[in-house]
Each structure stands twice: as structure tokens, then as C-alpha cells.
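# Secondary and tertiary structure notes
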Amino acid sequence: MRALVVEDEPRLAAGLRSGLEAEGYAVDVALTGTDGLWLAREHPYGVVLLDLMLPGIDGLTICRTLRAEQVWTPILMLTARNADTDQVRALDNGADDYLTKPFSYAVLIARLRALVRRGAAERPCVIEAGELRLDPAARTAWLGADVLALTARELSLLEFLIRRRGQVVSKRTILAELWDDDFDGDPNIVEVYVRRLRRKLGDGSITTLRGSGYRLEEQPCVRG
């Protein structure tokens with residue numbers, strides 16, 4: 001397994017290299033964000049350990065850039081900043097896990113093993129279906145160049161459908177995913193929200209299959 005360590009503190013970088021090599025990893029080290037981004041683009045790493053604050057290019061920018069370029073290598077963010085907002089920003093920008101300094105080396109290795117087991121599956125920051133795009137972190141959706149005016153529930157339904165684009169999902173499944181267990185209203189509320197979305201996305205965007213459910217088409221129609 002080949003690992004990339006992007007860390008600007010030379011002593012910590014050297015310690016990580018030694019520890020990971022003792023675990024059987026082949027390790028490359030970059031001391032700047034610029035070098036780290038170049039290496040991550042050029043080589044098929046099994047995992048990247050990435051500092052948040054780096055000279056040149058910061059860790060958040062590296063994460064988002066790699067995901068935008070469809071580089072899905074698992075990324076573990078290492079940082080001395082432990083505020084909830086920093087962790088949220090790291091995860092929303094493409095990191096797979098987050099570990100604050102100082103950290104237990106045993107925990108670090110366990111986290112890396114978990115990331116490697118999950119592998120390099122696609123985890124885009126912005127999800128797409130044709131000309132339809134949605135950024136779950138920013139809670140914003142676009143159809144072509146137009147920003148869609150959607151309520152919180154409409155955004156949640158749209159995200160659910162995009163993640164299952166091309167698949168038929170039943171009313172019961174949507175209700176179970178987007179409404180809590182205490183909901184005892186009319187299950188036809190799903191139809192109401194599907195109609196609202198269809199009006200905003202355009203005819204042909206969501207297909208109703210009677211008796212089966214709904215399907216978001218791969219190429220939603222652009223409004224005329």
C-alpha cells in the first residue's frame with residue numbers, strides 16, 4: 001500500500017513516514033500543499049494523510065480540487081484545529097475522516113485501515129444528473145446555470161432522487177427516508193412534493209410509474 005503524507009512540520013512528517021513504513025506502507029512525503037497536490041494527481045495512492053494548514057495550497061483546497069478532478073483516493077485530514085466548523089468544512093470538501101493533533105498513533109493506523117477497507121469509491125462534493133447539480137453542503141441546486149428556489153424538504157427529496165438517478169423508488173421508501181417515524185399524516189404528501197419538484201425542474205424530469213414509484217431521469221429537461 002502506498003501512502004502520501006502532506007505535512008509541513010518536518011519532524012512530524014518524518015515520524016509519520018517512519019511509523020507508516022513500519023506498518024508496511026510505501027510512503028511519499030510533501031512539505032507543501034503545492035507539492036502534495038501534484039503528487040496526489042500523479043500517483044495512485046491507497047490513502048492520503050493531509051494537513052489542513054499548509055504553505056502554498058491549503059488542505060481544504062486540495063481535497064476539493066482532487067474530488068472535482070474525480071480523484072477518489074481516501075483522505076484523512078490531520079490538523080491541530082479541533083473546532084466543529086473545521087471538521088464540517090473538511091468533510092464537506094471531500095475528506096473521508098478527520099483526526100486532531102496530538103493523536104494516538106494506534107488510532108491513526110486503525111483509521112487508515114478503515115479507509116483502505118472502504119476503498120476509493122466515488123464521493124463527489126457536488127452530485128449531478130444531466131444538467132441538474134446539487135451541493136449538499138451548500139444546500140443549493142442548479143438546473144443548467146439557474147439556481148433552483150427549493151425548500152429544505154424539496155432539496156432533501158431532490159438529493160435522494162439524484163443519488164438514485166435512473167432507479168425507481170417507491171412512495172413508501174421516500175416517506176421512510178425523508179419523514180420521521182412519528183409522521184402520521186397523509187402518505188400522499190410524497191406526491192405533493194414530487195409535483196412541486198417536477199414543476200421546477202421541467203416536464204420529463206421525474207417519471208411516475210404507477211404502482212411502482214418515481215424515477216429521476218438521467219437527463220432532466222432544461223426549462224424553456
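By the naming in an unreviewed UniProt entry, the chain goes by Response regulator transcription factor and is assigned to Kribbella jiaozuonensis.

This part is about the packing of aromatic side chains. A complete count under the given rule lists 0 aromatic pairs for this structure. In this arrangement the basic side chain of arginine 196 is found over the ring face of tyrosine 193, its NZ or CZ atom lying 4.7 Å from the centre.

UniProt annotation of "domain: Response regulatory" (unreviewed entry) refers to residues 2-116 when read in the numbering used here. Structurally, residues 2-116 comprises 47% helix and 21% strand, and the distance from its first C-alpha atom to its last is 11 Å.

Let us now look at the sheet that holds strand β1 (residues 2-6). What holds strands together in a sheet is hydrogen bonding between their backbones, with the strands either parallel or antiparallel. Here 5 strands make up an open sheet; going across it, the order is β2-β1-β3-β4-β5 and the pairing parallel. Two strands lie at the open edges of the sheet, namely β2 (26-30) and β5 (97-100), each paired on one side alone. In this sheet, neighbouring strand axes are inclined to one another by 20° on average, regardless of whether the strands run parallel or antiparallel. As paired strands, β1 and β2 are joined by 5 bridges and run parallel to one another. Paired with valine 5 across the bridge in β2 is valine 29. Contacts from helix α3 (residues 59-68) reach β3 (47-51) and β4 (75-79), with the element oriented near 170° to β4.

Let us look at the environment of tryptophan 72. Along the chain, tryptophan 72 turns up in the loop between α3 and β4. A distance of 3.4 Å separates the side chain of tryptophan 72 from the backbone oxygen of glutamine 70, its partner in a polar contact.

Before going further, it helps to examine the domain arrangement of the chain. Domain annotation of the chain identifies domain 1 (2-120) and domain 2 (127-216). One C-alpha centre belongs to domain 1, the other to domain 2, and the line joining them spans 34 Å.

Attention now moves to unusual backbone geometry. A cis amide bond, omega -10°, links lysine 101 with the succeeding residue proline 102. When you line up the elements, proline 102 lands in the loop between β5 and α5 (105-118). One non-glycine residue, glutamine 70, adopts positive backbone phi at about 60°. Here glutamine 70 lies in the loop between α3 and β4.

Turning our eyes to something else, we now look at the sheet that holds strand β7 (residues 132-135). The 4 strands lie next to each other as β6-β7-β8-β9, forming an open sheet whose pairing is antiparallel. With partners counted over all chains shown, the strands left at the sheet margins are β6 (127-129) and β9 (146-147), one partner each. By the bridge criterion, 4 bridges tie β7 to strand β8 (residues 140-143) in an arrangement that is antiparallel. Paired with leucine 134 across the bridge in β8 is alanine 141.

Looking now at the pairing of β7. Looking at chain direction, β6 and β7 are connected through 3 bridges and run antiparallel. Bridge pairing in β7 places glutamate 128 opposite arginine 133. Counting the residues that bridge the hairpin from β6 to β7 gives 2 residues, and of these glycine 130 lies at a positive phi of roughly 65°. Between β7 and the antiparallel strand that follows it, β8, lie 4 residues; arginine 139 among them carries a positive phi value of about 55°.

Here we take up the packing of helix α6 (residues 152-163) against helix α8 (residues 189-201). In the contact formed by α6 and α8, the axes pass within 10 Å of each other and the chain directions differ by 80°. What the angle tells us is that α6 and α8 run roughly perpendicular. Only Tyr193, Val194, Arg196, Leu197, Lys200 and Leu201 of α8 make contact with α6, whose side of the interface consists of Arg153, Glu154, Leu157, Leu158 and Leu161. The residue makeup of the contact of α6 with α8, split by class, is 7 nonpolar, no polar and 4 charged.

Cut-offs used in this document
- Residues numbered from 1 in each chain as written.
- Predicted model: local features only at pLDDT ≥ 70, side-chain atom pairs only at ≥ 80, totals over all residues.
- Heavy atoms only, no water.
- Phe/Tyr/Trp six-rings, centres within 6.5 Å; stacked < 30°, edge-to-face > 60°.
- Lys NZ or Arg CZ within 6 Å of the ring centre and 35° of its normal.
- UniProt positions renumbered as here; feature names shortened; annotations may be inferred.
- Helix = DSSP H or I, 4+ residues; strand = E, 2+ residues; numbered from the N terminus.
- Pairing = 2+ DSSP bridges.
- Axes fitted to C-alpha atoms, helices over the stretch in contact; angles between N-to-C directions.
- Contact = heavy atoms within 4.5 Å.
- Polar contact = N/O pair within 3.5 Å; in protein donor to acceptor, adjacent residues only side chain to side chain.
- Domains from an automatic or database assignment.
- Parallel < 35°, antiparallel > 145°, perpendicular 65-115°, else oblique.
- Nonpolar A, V, L, I, M, F, W, Y, C, P; charged D, E, K, R; others polar.

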